[in-house]
Amino acid sequence: MAIQISPITPTFGVKITGIDLKNDLDESTHKQLKALLSQYAVLVFPNQFLGPAELIQAGEIFGPLMPQQLQKYILPDFPLVGYNSTKDLPVKNGKLQVRGENYHTDHSNSVCPPKATALSAVKIPSSGGDTQFVDVRQSFDDLSPKLQEKIIYLRSLHVHESTRSPRTFTKLSEEDLAKIPNVTQPLVIRHPDSGRPALYLNTGRMEGIEGMNADEGFNLINSLYEHAIRNKYEYRHRWAEGDFVIWDNRSVMHQANADYNPEEFRYLYRIMLEGDALSAFLP
Ligand SMILES: [Fe+2]
């Protein structure tokens, strides 16, 4: 059966059917899938039902996997596979405290952030718990040439948790924290495969803009962020059990939603792919 590819939004995201990622796929299919991820940034494969070993195999189509940062949420038999489980989440005032609320790109404070992240949905609540994506290539393209010209030269310090973070992060042990160096990243990055520019934003981790005073830097970050998260740049994925979804952290931001019943069980496997240091989009 031939692979079918259908667009999800006018600018990014495709649904891929007619393929079983549990099979050994040939090199030309691997090449095709990698090219689709680079171009469309979010790939949705319904009805895959990948267990941990199969998830590793599917992830490796796109590149080598990297260890999960939160080592307390990994599978002992498959240490490269993490999990998101409602059983680990605290409830405050009747609302789940999920990781990853507010739009972000994963581990932007790493020298080499993961190039992609993928989830395999095992158990999904009856409603809520969607994952949202926004295309930060398109939102850069839509800025005025004058603003583009200004921001392509700027860099931001990314830290574990910004002093003005809109979300709180899982507290890391001193030992884990020491392993994560703070790093400056370009405000606009060049995608290593497609060459496209993209906004590189993570309001939870960005500590202002180099060369600007704090308020000026945070105002610029917040205005770019508000622009980038508008509905027109969004794809909202409503999970079904068996879904495998992989996204390119250099082309989209994503966010989790805590809007489901804390009594219902939600469980997904998670993997990340090794990435390279990011390059600025400079002329
Ligand atoms: Fe995330």
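The coordinates are above.
Residues numbered from 1 in each chain as written. Predicted model: local features only at pLDDT ≥ 70, side-chain atom pairs only at ≥ 80, totals over all residues. Heavy atoms only, no water.

## Looking at the coordination of the iron ion
Turning to step 1, where the next piece is worked out: The iron ion binds to the protein through His104 (NE2), Asp106 (OD) and His254 (NE2), with metal-donor distances spanning 2.2 Å.
Turning to step 2, where the next piece is worked out: Expressed as a motif, the donor residue spacing for the iron ion is H-x1-D-x147-H. Here His254 lies in strand β18 (residues 252-256) and His104 lies in the loop between β8 (95-96) and β9 (116-123), a separation of 150 residues in the sequence.
Turning to step 3, where the next piece is worked out: Its relative accessible area of 5% is what places His104 among the buried residues.
Turning to step 4, where the next piece is worked out: Residue His254 is classed as buried on the basis of its relative accessible area of 6%. (Donors = N, O, S within 2.8 Å, 3.2 Å for Na, K, Ca; no water. Helix = DSSP H or I, 4+ residues; strand = E, 2+ residues; numbered from the N terminus. Buried < 20%, exposed > 50% of the residue type's maximum accessible area, 1.4 Å probe, protein only.)

## Here's the deal with the nonpolar core
The nonpolar side chains of a soluble globular protein tend to be buried with one another.
Turning to step 1, where the next piece is worked out: Judged by nonpolar contacts, the single largest core of 28 residues is most densely connected at Leu21, Leu33, Leu43, Phe45, Phe62, Phe244 and Ile246.
Turning to step 2, where the next piece is worked out: Only β2 (14-17), α1 (27-40), β3 (42-45), α2 (52-60), β6 (78-85), β9, β17 (244-248) and β19 (267-273) provide two or more residues apiece to this core.
Turning to step 3, where the next piece is worked out: Ignoring any residue separated from it by four or fewer positions in sequence, one finds Leu33 in contact with Ile16, Ile19, Leu21, Leu25, Leu43, Phe45, Ile61 and Phe62.
Turning to step 4, where the next piece is worked out: Membership of the second largest hydrophobic core comes to 27 residues, among which are Leu201, Met206, Phe218 and Leu220. (Core = buried A, V, L, I, M, F, W, Y, C linked by side-chain atoms within 4.5 Å. Contact = heavy atoms within 4.5 Å.)

## Quick notes on unusual backbone geometry
Turning to step 1, where the next piece is worked out: Unlike most non-glycine residues, Phe49 shows phi in positive territory, near 50°.
Turning to step 2, where the next piece is worked out: In this structure, His107 takes a positive phi of about 50° despite not being glycine.
Turning to step 3, where the next piece is worked out: Considering the arrangement of structural elements, one finds His107 in the loop between β8 and β9.

## As for the side chain of His30
Turning to step 1, where the next piece is worked out: Mapped onto the elements, His30 comes out in helix α1.
Turning to step 2, where the next piece is worked out: By relative accessible area, which is 19% here, His30 ends up buried.
Turning to step 3, where the next piece is worked out: A polar atom in the side chain of His30 sits 3.2 Å from the backbone oxygen of Leu25.
Turning to step 4, where the next piece is worked out: If we skip the residues at most four places from it in the chain, His30 touches Leu25 and Ile61. (Polar contact = N/O pair within 3.5 Å; in protein donor to acceptor, adjacent residues only side chain to side chain.)

## So, the pairing of β3
Every regular strand shows the same layout, with side chains that alternate between the two sheet faces.
Turning to step 1, where the next piece is worked out: Residues Val42 and Val44 of β3 are buried on one face, and the alternating residues Leu43 and Phe45, pointing to the opposite face, are buried as well.
Turning to step 2, where the next piece is worked out: Of the strand pairs in this sheet, β2 and β3 are connected by 2 bridges, and their pairing is parallel. By the bridge assignment for β3, Lys15 is matched with Val44.
Turning to step 3, where the next piece is worked out: The parallel pair β2 and β3 is bridged by α1, and the resulting crossover is right-handed. (Pairing = 2+ DSSP bridges. Right-handed = clockwise from strand over helix to strand, strands pointing away.)

## Some words on the environment of Thr117
Turning to step 1, where the next piece is worked out: Mapped onto the secondary structure, Thr117 falls in strand β9.
Turning to step 2, where the next piece is worked out: When the C-alpha atoms of Thr117 and His158 are compared, they prove to be 19 Å apart, with 41 residues separating the residues in sequence.
Turning to step 3, where the next piece is worked out: Here the side chain of Thr117 touches Asn249 through a polar contact of 2.9 Å, side chain to side chain.

## Remarks on the environment of Lys15
Turning to step 1, where the next piece is worked out: Structurally, Lys15 can be placed in strand β2.
Turning to step 2, where the next piece is worked out: Leave out the neighbours within four places in its chain, and Lys15 touches Gln4, Ile5, Ser6, Ile8, Val44 and Pro46.

## Let's talk about the pattern of salt bridges
Turning to step 1, where the next piece is worked out: Enumeration according to the criterion identifies 10 salt bridges in this entry.
Turning to step 2, where the next piece is worked out: Two residues, Arg238 and Asp130, come together in a salt bridge whose shortest N-O distance is 3.9 Å. Taken together, the residues span a long stretch of sequence, with Arg238 in the loop between β16 (234-237) and β17 and Asp130 in the loop between β9 and β10 (131-135) at a distance of 108 residues.
Turning to step 3, where the next piece is worked out: The buried category is assigned to Asp130, whose relative accessible area is 6%. (Salt bridge = Lys/Arg side-chain N within 4 Å of Asp/Glu carboxyl O.)

## Side note on the sheet that holds strand β15 (residues 206-209)
Turning to step 1, where the next piece is worked out: Overall, antiparallel pairing links the 3 strands, which are arranged β12-β11-β15 in an open sheet. Strands at the two margins of the open sheet, each flanked by one partner only, are β12 (183-186) and β15. Within this sheet the neighbouring strands show an average axis-to-axis angle of 30°, counted without direction.
Turning to step 2, where the next piece is worked out: Here 4 bridges tie strand β11 (residues 155-158) to β12, and the two strands are oriented antiparallel to one another. The residue bridging Leu157 from the neighbouring strand is Thr184, located in β12. (Axes fitted to C-alpha atoms, helices over the stretch in contact; angles between N-to-C directions.)

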